[in-house]
Amino acid sequence: MSDTFKDSRDARARLISKDKIGVVIYRENPLYDYFSRDHRADAVLIREGSIRHIGESEIDEEFSTFTGPDYCLASPHYEFRDGKTCTSGTDKWFEYPLFQEQRVIMEEKKAMSNIVDSIVSEMTLDDTEISIARSIRERIIGSGYSLYYDPITAFDENTLKVWNRPEEKSLRKVMYVEIAAKKGGLTILYSNSFLASSEEKYIEKYRRNIEAIELLKKNFVEGKSTSELSKILEEFRNPKLYLTTPLYPFNYTPIPGDEKSIRTRSLAVFDIWNLSSDFSFRRKVTAIAGNYRATVI
């Protein structure tokens with residue numbers, strides 16, 4: 001695993017250790033994938049800024065056993081586990097992405113984008129939604145990612161569907177691709193639309209999509225209210241969906257939702273739609289709020 005993953009894990013461990021109590025994360029907890037470098041271990045113990053692997057010494061002599069009473073069990077965990085449950089959880093530990101985690105997400109998204117661009121550049125007239133989805137799935141899994149669900153590919157009118165099931169359909173005008181995957185315990189999201197037409201109505205939707213992202217950068221900022229941002233981006237929302245979606249394991253503020261003030265380093269995935277009667281141009285945009293301008297990653 002790259003140094004960027006190690007940097008992000010170590011930084012997050014130091015933050016969790018501020019609670020002055022050890023935190024045990026068992027393998028049934030999704031956070032285990034983030035902190036464990038050796039999946040033979042039963043658990044990881046985070047204490048004083050360090051990460052220790054807990055397990056049987058017969059498996060690895062470097063594995064540790066629990067020492068001292070000053071630790072709690074991160075939720076969720078199986079009921080038969082001994083110990084008290086932590087009063088804190090991901091809502092506090094992963095309140096916002098650290099700069100090290102931001103680097104990881106950006107680097108992995110770029111790698112994922114390169115995979116998709118390579119596949120799209122090699123498309124032929126014989127390719128269908130199914131064949132493209134299959135190629136993406138094979139390449140993504142082969143690159144060390146684990147998928148949350150099969151890649152979404154949609155051509156033309158199928159881009160109007162919230163969740164298209166790929167079929168034997170050929171591309172004519174516009175294509176949408178979405179991948180949600182996990183690597184090193186962090187979620188990496190890829191979402192993009194591609195034009196295969198030079199008709200003005202398709203180009204205009206592309207322009208409007210870029211404008212929406214620019215509006216997002218200018219308004220997902222410190223002190224702006226969620227209701228104000230919701231109104232600004234309302235025309236770029238699919239009315240069947242929330243404008244924002246989660247990105248595990250980080251907190252997010254639903255928009256639209258309860259009235260809240262946006263804070264610097266808040267993270268959200270904005271589901272941007274430019275709808276037409278016969279197609280849509282769509283992007284899910286991961287953004288981090290800033291003092292004066294949001295960062296899109």
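Residues numbered from 1 in each chain as written. Predicted model: local features only at pLDDT ≥ 70, side-chain atom pairs only at ≥ 80, totals over all residues. Heavy atoms only, no water.

With omega at 5°, the peptide bond leading from S75 into P76 counts as cis. With respect to the element layout, P76 can be found in the loop between β4 (71–73) and α3 (90–93). Along the chain, Y248 connects to P249 via a cis peptide bond; the corresponding omega equals 5°. Relative to the elements of secondary structure, P249 occurs in the loop between β9 (244–245) and β10 (267–275). Here D156, not a glycine, exhibits a phi torsion of approximately 55°, which is positive. (Helix = DSSP H or I, 4+ residues; strand = E, 2+ residues; numbered from the N terminus.)

Of all hydrophobic cores here, the largest spans 47 residues; its most connected members are V23, I25, F35, W93, M112, V177 and I179. Ranked by residues supplied to this core, first place goes to helix α4 (residues 99–121) with 6 residues. Other than its neighbours up to four places away in sequence, W93 contacts R12, L15, I16, D19, V23, L31, A74, C86 and S88. Residues I213, L233, A287 and A289 belong to the second largest nonpolar core, which totals 17 residues. (Core = buried A, V, L, I, M, F, W, Y, C linked by side-chain atoms within 4.5 Å. Buried < 20%, exposed > 50% of the residue type's maximum accessible area, 1.4 Å probe, protein only. Contact = heavy atoms within 4.5 Å.)

Turning next to the state of the cysteines. Going through the model one piece at a time under the given rule, you end up with 1 disulfide. The residue that forms a disulfide with C72 is C86, at a sulfur-sulfur distance of 2.0 Å. On the S-S bond that ties C72 to C86, the torsion sits near 95°, and the link is right-handed. One end of the pair, C72, is in strand β4; the other, C86, is in the loop between β4 and α3, and 14 residues separate them in sequence. Residue classification places C72 among the buried positions, given a relative accessible area of 6%. (Disulfide = S-S within 2.5 Å.)

Now for the pairing of strand β11 (residues 280–288). Within β11, 9 of the 9 residues are buried, which leaves it mostly tucked inside the rest of the structure. Neither face of β11 is left uncovered, since the one carrying S280, R282, K284, T286 and I288 and the one carrying F281, R283, V285 and A287 both have all their residues buried. Judged from the 9 bridges that link them, β10 and β11 form a sheet pairing that is antiparallel. Paired with L267 across the two strands is I288, which belongs to β11. Adjacent in sequence and paired antiparallel, β10 and β11 are bridged by 4 residues. Both β11 and strand β12 (residues 295–296) contribute to a ladder of 2 bridges, which runs antiparallel. The partner of A287 across the bridge, within β12, is V296. In textbook terms, the turn of a hairpin is the stretch between consecutive antiparallel strands, and for β11 and β12 this stretch comprises 6 residues. (Pairing = 2+ DSSP bridges.)

Here helix α6 (residues 200–219) is 20 residues long and its end C-alpha atoms lie 28 Å apart, about the 28 Å a rise of 1.5 Å per residue gives. Residues of α6 that are buried include every one of Y202, N209, A212, I213, L216 and N219, and no others. Looking straight down α6, one finds its buried side chains confined to an arc of 140°; they lie on one side. For α6, the elements touching its buried residues are β7 (174–183), β8 (186–195), α7 (226–232), β10, β11 and β12. (Expected span 1.5 Å × (residues − 1). Arc of directions from axis to C-beta.)

Positionally, S191 belongs in strand β8. Looking at S191, the relative accessible area reads 6%, which means it is buried. Engagement of the side chain of S191 in a polar contact is seen with the side chain of Y176, the distance being 2.8 Å. Of the polar contacts made by the side chain of S191, one reaches the backbone nitrogen of K284; its length is 2.7 Å. (Polar contact = N/O pair within 3.5 Å; in protein donor to acceptor, adjacent residues only side chain to side chain.)

With antiparallel pairing, the 4 strands of this open sheet are ordered in space as β9-β10-β11-β12. Edge positions in the sheet fall to β9 and β12, since each of these pairs with one other strand and no more. Across the sheet, α6 lies against β10, β11 and β12, angled at about 20° from β11, the strand it touches most. (Axes fitted to C-alpha atoms, helices over the stretch in contact; angles between N-to-C directions.)

As for its placement among the helices and strands, Y148 is situated in the loop between β5 (146–147) and β6 (152–155). Residues within four places of Y148 in sequence aside, it is in contact with A180, A181, K182, T187 and Y248. A polar side-chain atom of Y148 sits 2.8 Å from a polar atom in the side chain of T187.

Moving on, we get to the environment of D42. The topology assignment puts D42 in the loop between α2 (32–35) and β2 (43–47). According to the relative accessible area criterion, D42 is partly exposed, its value standing at 33%. The residues touching D42, leaving out its near neighbours within four places in the chain, are Y26, R27, Y32, I54, G55 and E56.

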